[in-house]
Amino acid sequence: INTEVLVRNKAGKIGLKQADEKVPALLMFLQSKDYQFYKAGKPADAKTAAEFNKGGIAHLLTVGWKVHDVLINNAVDYDSAKEPFSEFTIRQSGVYEMSGYVLYKTNCELKAGFASAKNAADCFRNNYAGVIVAIQYKEPQAAQWINTTTTLQIWPLGAINYTLTVAVPPVVKHLNAGDKLRMVFYRPSENFGLPHGNSGKVYDGDTEGTFGIYSADGIEAVRSFKIVGIN
């Protein structure tokens, strides 16, 4: 990117001058308005929902993107022919900061008998839900993806069917050319609160237990991902 700088000459006059060097502003920024949800009661999604509800990183779902979600990019490569795509390959070795967020709805059903439950632990476990959102990286020859930054969001009693913003905190890491990045989400464990999508409640006319990346009143972008080179 050609850059102009503010300079002052020997006579004291101030003006703009073309910089002699180029500034390599490495940045990828994605933002999407498209939902990414699953319907636990619909045959097409039932298997995916069941696997997801087993919990743990082994049963994660990847955050998908489309070409029109890419607002700025000169830092990574991706397979634009395959939508939704989820993996991004670093072009140039260096230090990068990564962050992102998703809007998420668990669509869980509160269990009856909350006030009269004898076992406090069972009472609590049956009236909350949670999800982990992470940014992962993988070296070219590696077999496994590794979490580099994560966040755990819990839906407590009284807010269990609200859409909440799950923000992944920024992390700074040295990455090599060819390293891959992606965003994922997963239920912490099979026994962590309530299964997602078990309520069957109606959202936008859908009664199939919708859960996943979903909208909230007044917010258009339901997910975002940023990768910026800082050195």
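For the structure given in this document, a descriptive report is provided here. (Residues numbered from 1 in each chain as written. Predicted model: local features only at pLDDT ≥ 70, side-chain atom pairs only at ≥ 80, totals over all residues. Heavy atoms only, no water.)

**Remarks on the overall build of the protein**
Here is step 1 of the chain: Within the protein one finds 2 helices and 15 strands.
Here is step 2 of the chain: Evaluated residue by residue, the protein yields a buried proportion of 41% over its 231 residues.
Here is step 3 of the chain: When the accessible surface of the protein is split by element, carbon and sulfur atoms take 51% of a total near 12,500 Å². (Helix = DSSP H or I, 4+ residues; strand = E, 2+ residues; numbered from the N terminus. Buried < 20%, exposed > 50% of the residue type's maximum accessible area, 1.4 Å probe, protein only. Areas by Shrake-Rupley, 256 points an atom, 1.4 Å probe, with all protein chains shown as cover.)

**Overview of the layout of surface pockets**
Here is step 1 of the chain: By volume, the largest pocket amounts to about 160 Å³.
Here is step 2 of the chain: If you trace the largest pocket, you find it lined by Asp34, Tyr35, Gln36, Tyr38, Thr62, Gly64, Lys66, Asp69, Pro84, Ser86 and Arg223.
Here is step 3 of the chain: Considered class by class, the residues forming the lining of the largest pocket number 3 nonpolar, 4 polar and 4 charged. (1 Å grid on protein atoms, 1.4 Å probe; cavity = no way out; pocket = protein on both sides within 12 Å on 5 of 7 lines; lining within 4 Å. Points joined across faces, edges and corners; volume = space filled by probe spheres on them. Nonpolar A, V, L, I, M, F, W, Y, C, P; charged D, E, K, R; others polar.)

**Digging into helix 1 (residues 43-52)**
Here is step 1 of the chain: For helix 1, the full list of buried residues reads Asp45, Ala49 and Phe52. Burial along helix 1 is one-sided: seen end-on, the buried residues are contained in an arc of 55 degrees. Among the exposed residues of helix 1, those pointing more than 90 degrees away from its buried face are Pro43 and Lys47.
Here is step 2 of the chain: Tucked into the core, helix 1 has its buried residues touching strand 4 (36-39), strand 5 (61-62), strand 9 (94-105), strand 10 (129-138), strand 13 (180-186) and strand 14 (210-213). (Arc of directions from axis to C-beta. Contact = heavy atoms within 4.5 Å.)

**As for the environment of Cys108**
Here is step 1 of the chain: Within the secondary structure, Cys108 is located in the loop between strand 9 and helix 2 (120-125).
Here is step 2 of the chain: Each C-alpha atom of the pair Cys108 and Asn127 lies 8.7 Å from the other, and the pair is 19 residues apart in sequence.

**As for the pattern of salt bridges**
Here is step 1 of the chain: Applying the stated criterion across every chain, the model contains 3 salt bridges.
Here is step 2 of the chain: A salt bridge links Arg91 to Asp77, with the nearest nitrogen and oxygen atoms 2.8 Å apart. Here Arg91 is found in the loop between strand 8 (88-90) and strand 9, whereas its partner Asp77 is found in strand 7 (residues 76-77), with 14 residues between them in sequence. (Salt bridge = Lys/Arg side-chain N within 4 Å of Asp/Glu carboxyl O.)

**A word on the nonpolar core**
Here is step 1 of the chain: Counting 45 residues, the largest nonpolar core has Tyr104, Met183, Phe185, Phe225 and Ile227 as its most contacted members.
Here is step 2 of the chain: Top element by residues in this core is strand 10. It accounts for 7 residues.
Here is step 3 of the chain: Beyond its immediate sequence surroundings of up to four residues, Tyr104 is in contact with Phe52, Val131, Trp155, Tyr162, Thr163, Leu164, Val166, Phe185, His196, Phe211, Gly212 and Ile213. (Core = buried A, V, L, I, M, F, W, Y, C linked by side-chain atoms within 4.5 Å.)

**A look at unusual backbone geometry**
For residues other than glycine, phi is negative in most cases, and the peptide bonds are mostly trans.
Here is step 1 of the chain: Cis rather than trans, the peptide bond between Glu83 and Pro84 has omega equal to -5 degrees.
Here is step 2 of the chain: Position of Pro84 relative to the elements: it lies in the loop between strand 7 and strand 8.
Here is step 3 of the chain: Phi is positive for Asn107, close to 50 degrees, though the residue is something other than glycine.
Here is step 4 of the chain: Take Asn107: it is sitting in the loop between strand 9 and helix 2.

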